[in-house]
Amino acid sequence: MYNIQMKLHQIDLNLLLLFDALYRHRSVSAAADEISLSQSAFSHALARLRNRLDDELFIRNNNLMQPTLKGELIADKLSRALPLMQQALNETIEFDPTTSELEFKFTATDFTQFSLLPKLMAAVTQQAPGIKLTILPASNPSPAAQLENADIDFVLGFSHQLQQSKTIGRQTWYRGDYCTIARTDHPALQQGLSLDTFLKLPQVLIAPWGEKSGIVDSSLAKLGLKRKIALQMPSVLAAPYSIINTDMLLTVPRVVAEHCAQQIGIEIYETPLSIEQYQLNIYWHKLNSANAGQRWICQTIEQLSPACSQ
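Residues numbered from 1 in each chain as written. Predicted model: local features only at pLDDT ≥ 70, side-chain atom pairs only at ≥ 80, totals over all residues. Heavy atoms only, no water.

(A) Quick peek at the pairing of strand 4 (residues 132-137). Examined bridge by bridge, strand 3 (residues 103-108) and strand 4 share 6 bridges and lie parallel to one another. Residue phenylalanine 106 lies in a different strand from strand 4, and its bridge partner there is isoleucine 135. Remark: the strand 3/helix 5 (residues 110-127)/strand 4 crossover connection has right-handed handedness. (Pairing = 2+ DSSP bridges. Helix = DSSP H or I, 4+ residues; strand = E, 2+ residues; numbered from the N terminus. Right-handed = clockwise from strand over helix to strand, strands pointing away.)

As structure tokens, then:
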């Protein structure tokens with residue numbers, strides 16, 4: 001004798017629900033009613049299962065459908081397996097922000113930290129005092145690469161366009177525009193900042209990942225123009241301090257310029273060319289979309305900036 005092993009993918013799992021109903025009711029009509037099938041459809045499905053398992057499974061006796069020996073063996077295991085399967089489909093991980101002590105790991109540039117963390121930490125401290133946020137430096141411009149290759153929950157990202165992904169979820173919490181700054185009393189800017197002056201003066205390029213050009217350069221390239229780069233650096237927040245003793249210009253998000261203008265001697269000018277708005281996003285892997293803790297983080301961020309959420 002030999003035994004043929006049946007693989008789970010070789011059988012329609014709906015037939016197991018049919019088997020379970022018939023085993024419990026011992027009646028085709030009652031079992032068919034429970035799973036919303038006609039008696040004819042039920043009988044055809046039962047025939048398929050009998051053929052697949054090479055056993056009668058149930059035999060009519062005294063007007064009841066009595067299980068065969070193999071039917072009894074299947075029913076014993078199935079009665080334990082089906083509730084577990086149902087539980088697996090409906091189970092959610094409980095998350096109570098007031099008592100949770102979970103840790104959430106983010107990667108972020110200094111600017112995205114500056115833009116979000118003050119408000120987010122105020123909300124976390126008030127609503128979820130046991131939660132810990134760990135912020136790691138962003139080492140790759142691709143949110144997908146960071147989320148797939150590192151042990152992190154979220155990426156705080158900076159972008160100029162909407163991104164669609166089958167694997168990465170995204171939510172925008174802030175949109176803003178740019179301006180250009182220079183040291184106070186800049187000798188070349190007594191009459192304001194024109195495009196011609198903008199192109200003549202040396203400038204700072206912000207490149208968090210060592211890029212050779214930025215949004216200003218791509219905007220100029222559309223006009224067939226190019227600026228003079230005197231300094232390249234990765235930090236948006238440190239860059240304003242690099243120009244206060246030079247004639248360099250720096251184009252930065254306006255929120256950074258206005259913050260720094262309260263602390264150091266700089267003047268804010270309208271950038272003399274059209275530059276699209278930037279957006280600050282939070283990214284997560286869609287494999288974690290059902291995670292209650294991660295959903296809470298996203299909802300909290302959405303409440304912090306409801307007009308910008310996506």
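That was the structure; now back to the text.
(B) A look at the packing of aromatic side chains. Taken as a whole and assessed by the stated rule, the structure comprises 11 aromatic pairs. Ring geometry for phenylalanine 111 versus phenylalanine 114: centroids 6.5 Å apart, planes at 25 degrees, classification stacked. Taken together, the residues phenylalanine 111 and phenylalanine 114, both in helix 5 and 3 residues apart, mark about one turn of the helix. Given the relative accessible area of 1%, phenylalanine 111 is considered buried. (Phe/Tyr/Trp six-rings, centres within 6.5 Å; stacked < 30°, edge-to-face > 60°. Buried < 20%, exposed > 50% of the residue type's maximum accessible area, 1.4 Å probe, protein only.)

(C) Structural view of the sheet that holds strand 12 (residues 278-285). Pairing is mixed in the open sheet, where 5 strands are placed in the order 4-3-5-12-6. Strands at the two margins of the open sheet, each flanked by one partner only, are strand 4 and strand 6 (168-176). Each strand of the sheet is rotated relative to its neighbour by a mean of 25 degrees, with strand direction disregarded. The pairing of strand 6 with strand 12 spans 8 bridges and is antiparallel. Within strand 12, the residue paired with threonine 172 across the bridge is asparagine 281. (Axes fitted to C-alpha atoms, helices over the stretch in contact; angles between N-to-C directions.)

(D) Region of interest: the packing of helix 5 against helix 10 (residues 292-304). Interaxial distance between helix 5 and helix 10 falls to 10 Å at its minimum, and their mutual angle equals 120 degrees. Considering their axes alone, helix 5 and helix 10 lie oblique with respect to each other. The two elements helix 5 and helix 10 cross, and the hand of that crossing is right-handed. Contacts between helix 5 and helix 10 involve Leu116, Lys119, Leu120, Ala123, Val124 and Gln127 from the first element and Trp296, Thr300, Ile301 and Leu304 from the second. Its residues placed into classes, the contact of helix 5 with helix 10 shows 7 nonpolar, 2 polar and 1 charged. (Parallel < 35°, antiparallel > 145°, perpendicular 65-115°, else oblique. Left-handed = near helix turned anticlockwise from the far one by under 90°. Contact = heavy atoms within 4.5 Å. Nonpolar A, V, L, I, M, F, W, Y, C, P; charged D, E, K, R; others polar.)

(E) Region of the structure containing the sheet that holds strand 9 (residues 228-233). The sheet built from 5 strands is open, its strands ordered 9-8-10-7-11 with mixed pairing. Of all the strands in the sheet, the pair left with one neighbour each is strand 9 and strand 11 (266-269). Strand-to-strand twist of the sheet, defined as the mean angle between neighbouring strand axes without regard to direction, takes the value 35 degrees. This element, helix 9 (residues 254-261), spans strand 7 (178-183), strand 10 (249-253) and strand 11 of the sheet and lies at about 150 degrees to strand 11.

(F) How the structure looks around unusual backbone geometry. Positive phi is not limited to glycine here, since asparagine 62 has a value of about 55 degrees. Mapped onto the fold, asparagine 62 is located in the loop between strand 1 (58-61) and strand 2 (64-67). A positive phi is found at asparagine 63, a non-glycine position, where the angle reads about 70 degrees. When you line up the elements, asparagine 63 lands in the loop between strand 1 and strand 2.

(G) Representation of the pattern of salt bridges within the structure. Per the counting criterion, the structure on display carries 10 salt bridges. Across the pair arginine 50 and glutamate 56 runs a salt bridge whose closest N-O atoms are separated by 3.9 Å. Look at glutamate 56 and you get partly exposed, because its relative accessible area is 46%. Each of the salt bridges in this network shares a partner with another, and the network as a whole consists of Asp20, Arg24 and Glu34. (Salt bridge = Lys/Arg side-chain N within 4 Å of Asp/Glu carboxyl O.)

(H) Just the nonpolar core, in detail. Membership of the largest hydrophobic core comes to 54 residues, with the highest contact counts inside it found for Phe106, Ile282 and Ile297. The residues contacting phenylalanine 106, other than those within four sequence positions of it, are Leu120, Leu133, Thr134, Ile135, Leu136, Phe154, Leu156, Ile282 and Ile297. Leu15, Ala21, Leu22 and Leu78 belong to the second largest nonpolar core, which has 21 residues in total. (Core = buried A, V, L, I, M, F, W, Y, C linked by side-chain atoms within 4.5 Å.)

(I) Representation of helix 1 (residues 14-25) within the structure. Over its 12 residues, helix 1 extends 17 Å from the first C-alpha to the last, a length consistent with the 16 Å expected when each residue adds 1.5 Å. If you check which residues of helix 1 are buried, you get Leu15, Leu16, Leu18, Phe19, Asp20, Ala21 and Leu22. Just downstream of helix 1, arginine 26 is the residue with a positive phi angle, here 60 degrees. (Expected span 1.5 Å × (residues − 1).)

(J) Representation of the pairing of strand 3 in the model. Pairing analysis gives 3 bridges linking strand 3 to strand 5 (residues 154-159), with the strands arranged parallel. Counterpart to alanine 108 in the pairing with strand 5 is leucine 156.

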